[in-house]
Amino acid sequence: MTQEFERHCDTALAWIARFRGEATDQDHREFALWLAADAGHRQAMDLMLELWDDLGSVQHLPLEVEQPEPTALHSGPTRRQWLAGATALAASLALAVVLLPRDRGPDAVESLRTAQGERTTYTLSDTSRVTLNTDSQLDVAFSQGNRQLTLVKGEAYFDVAHDPQRPFAVSTGDATVTAIGTAFNVYRRAGSTEITVTEGRVRVSNPATVASVLLDANEHLETSRSGGLGTRQTVDTATYTAWQRGEIVADALTLAELASELARYSDTRILISEREVANLTVSGVFSLDHPDTVIQALERSLGLRVVRLNNGSVQLLKAPQ
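Read on for a plain summary of the structure.

Definitions and limits used
Here the residue index of a chain counts from 1 through its sequence in written order. Residue-level local features of this predicted model are given only where pLDDT is at least 70; pairs of side-chain atoms are given and counted only at 80 or more, and the full residue set underlies all totals for whole chains, interfaces and linings. Water and hydrogen atoms play no part in the side-chain values, which are based on all heavy atoms of the structure. When DSSP finds at least two bridges between two strands, those strands are taken to pair. Helix and strand labels come from DSSP, where a helix needs a run of H or I of at least four residues and a strand needs a run of E of at least two; each type is numbered from the N terminus. Helix span is expected to be 1.5 Å times the residue number reduced by one. Note on classification: 1.4 Å probe, protein chains only; a residue is buried when its accessible area is under 20% of the maximum for its type, exposed when over 50%, partly exposed between these limits. By definition in these notes, contact holds between two residues if any of their heavy atoms fall within 4.5 Å. Residue types Ala, Val, Leu, Ile, Met, Phe, Trp, Tyr and Cys, when buried and joined through side-chain atoms within 4.5 Å, form a set referred to as a nonpolar core. Salt bridges are identified by distance alone: a Lys or Arg side-chain nitrogen within 4 Å of an Asp or Glu carboxyl oxygen.

Once that is clear, we can look at the pairing of strand β8 (residues 176-179). Relative to β8, strand β7 (residues 168-171) runs antiparallel, the two being bridged by 4 bridges. For V170, the partnering residue across the bridge sits in β8 and is V177.

Structure representation (structure tokens):
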């Protein structure tokens, strides 16, 4: 490597370290300008990201180097120092952040996925951030003139970097959500798509028709696979984004509906065979990460009988009188 390319690599590592911490809006703007300024910057970033991908093997190397004190961005840590501190940094992250899916060509698609019970935040190459909920898949196809994303399944929250020259569009099959500099949640269900806007404004359209509707902050819309765009509603967006905090906010939710939601996050299946039990309604805040605690709360508050089956499922029955 030339000395100039090594300097690019050191700067790329400094950017990676910055975005793994508390990056500001100004950092995002400066990074975008730096990345676009020279083709060597992109090559250096790709190489340094490969080093991060290899972190599992790096943990076993004898790198006994003290982690440096924070320094200015352009005099960032060297590659050896960064690798020494990266293992401890990765171990401390409660919510995984995968940095900068790279554009691999004009037709390249980056597929982002989460497993059941997993929630992961990604920083895209345009500095937009997307958080995937449990068991979700998002395909990302960025080009010079467009930012096209497809939510194949599941749910995602988007915090979009402002770029009026490149529309940011999320497709779910029956709906396309287009935004410029905003934040919104998209949940692709089996027969519909739910869109909730927390900041700014988005346009929701049906790809099969010319129909569209504008959604502002604190508004919610549910489309249908039949082509209907639904009706705008003013909502408390904290209810629809509670999953990012590891919670379900139930407001007169039937027990059958609650059991269906919990099944998205855990292998523990809640079985309800009695219609009277299935139609019971519950309200409150329930943890997504502790299904046993939720089951105990339902047992006490609704006076149910809990039967644990050999396959790991749980059956909820009406308690004997």
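Further remarks concern helix α1 (residues 3-19). For α1, with 17 residues, the first-to-last C-alpha span of 25 Å sits near the 24 Å given by 1.5 Å per residue. Where α1 is concerned, the buried positions are F5, H8, C9, T11, A12, L13, A14, W15, I16 and F19.

Bringing the side chain of S313 into the picture now. If you trace the backbone, S313 turns up in the loop between β18 (304-308) and β19 (314-318). Look at S313 and you get buried, because its relative accessible area is 8%. In this view, S313 contacts R269, L271, V307 and R308; residues no more than four positions away in its chain are not counted.

Let us now look at unusual backbone geometry. Here T127, not a glycine, exhibits a phi torsion of approximately 75°, which is positive. With respect to the helices and strands, T127 occurs in the loop between β3 (120-123) and β4 (129-132). Its identity as a non-glycine residue notwithstanding, A252 has a phi of 55°, on the positive side. Along the polypeptide, A252 turns up in strand β15 (residues 247-254).

Now for the nonpolar core. Ranked by internal contacts, the top residues of the largest apolar core, which has 28 residues, are F158, F184 and V204. The leading source of residues in this core is strand β6 (residues 147-159), at 4 residues. When neighbours within four sequence positions are excluded, F184 is seen to be in contact with A156, Y157, F158, V160, F168, V170, V177, A179, T196, V197, T198 and V202. Core analysis: the next-biggest nonpolar cluster, separate from the first, contains 22 residues, I248, A250, V282 and V306 among them.

All told, the structure shown has 13 salt bridges when counted by the stated rule. Taking the shortest distance from any N to any O, the salt bridge between E219 and R232 comes out at 2.8 Å. Taken together, the positions of E219 in strand β13 (residues 219-224) and R232 in the loop between β13 and β14 (233-234) put the pair 13 residues apart, joining distant regions of the chain. On the basis of relative accessibility, which here comes to 38%, the residue R232 falls in the partly exposed class. Between D292 and R308 there is a salt bridge, and its shortest N-O distance comes to 3.8 Å. Of this pair, D292 sits in helix α9 (residues 291-302) while R308 sits in strand β18, and the two are 16 residues apart along the sequence. Beyond isolated ion pairs, a larger network of salt bridges with shared partners links R201, D216, E219 and R232.

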